[in-house]
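Structure assessment
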Amino acid sequence: APKNKTLTPTWIFNAAMLSDPVDLSALVTMSRDKPEDILNEIGLLNKMVEKVLNAPTKNKRIDRDTRLDVLTILGNLSKGDEWAKEKIKKVLQGVSSWFEKYVAMMEGADATP
């Protein structure tokens, strides 16, 4: 009989990237319930930043909610020990200045009545 294989966080992320819009809710839950599973996955956090946070705004599959999901995941993971906090800090250095402009733009959009 085949072994019951748990899906890795990277597999879940890659599968989510195929959906439209991209849905990262399974990883948000994992970041809250089993943060070490995501923290120990080599390269996954950098991939999230590269493919979601630094994605061009014209990519309609990656919407504001998808970006907020990645920030929620990073926030959940940074609640851990010093090692976790340092890892998240390093990953966040990969967020481009584009994202800062995006946040400013979205804050401006929210202020509009």
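Refer to the preceding data block for the structure.
In this report, the structure presented in the accompanying data block is examined. (Residues numbered from 1 in each chain as written. Predicted model: local features only at pLDDT ≥ 70, side-chain atom pairs only at ≥ 80, totals over all residues. Heavy atoms only, no water.)

Moving on, we come to the pattern of salt bridges. Counted under the stated rule, the structure contains 2 salt bridges. Two residues, R32 and D33, come together in a salt bridge whose shortest N-O distance is 3.3 Å. A salt bridge links E86 to K89; its shortest N-O distance comes to 3.4 Å. Of this pair, E86 and K89 both sit in helix 6 (residues 82-92), separated by 3 residues, roughly a single helical turn. Classification of E86 by relative accessible area gives partly exposed; the value is 37%. (Salt bridge = Lys/Arg side-chain N within 4 Å of Asp/Glu carboxyl O. Helix = DSSP H or I, 4+ residues; strand = E, 2+ residues; numbered from the N terminus. Buried < 20%, exposed > 50% of the residue type's maximum accessible area, 1.4 Å probe, protein only.)

Turning to the nonpolar core, a few remarks are in order. Ranked by internal contacts, the top residues of the largest apolar core, which has 27 residues, are F13, L24, L27, I38, L45, M48 and L74. Listing elements by their share of this core, those giving two or more residues are helix 1 (9-16), helix 2 (25-33), helix 3 (35-39), helix 4 (44-53), helix 5 (64-77) and helix 6. If you tally residues by element for this core, the top one is helix 4, at 6 residues. Ignoring sequence-local partners within four residues, the contact set of L24 consists of F13, A16, V52, T66, D69, V70 and I73. (Core = buried A, V, L, I, M, F, W, Y, C linked by side-chain atoms within 4.5 Å. Contact = heavy atoms within 4.5 Å.)

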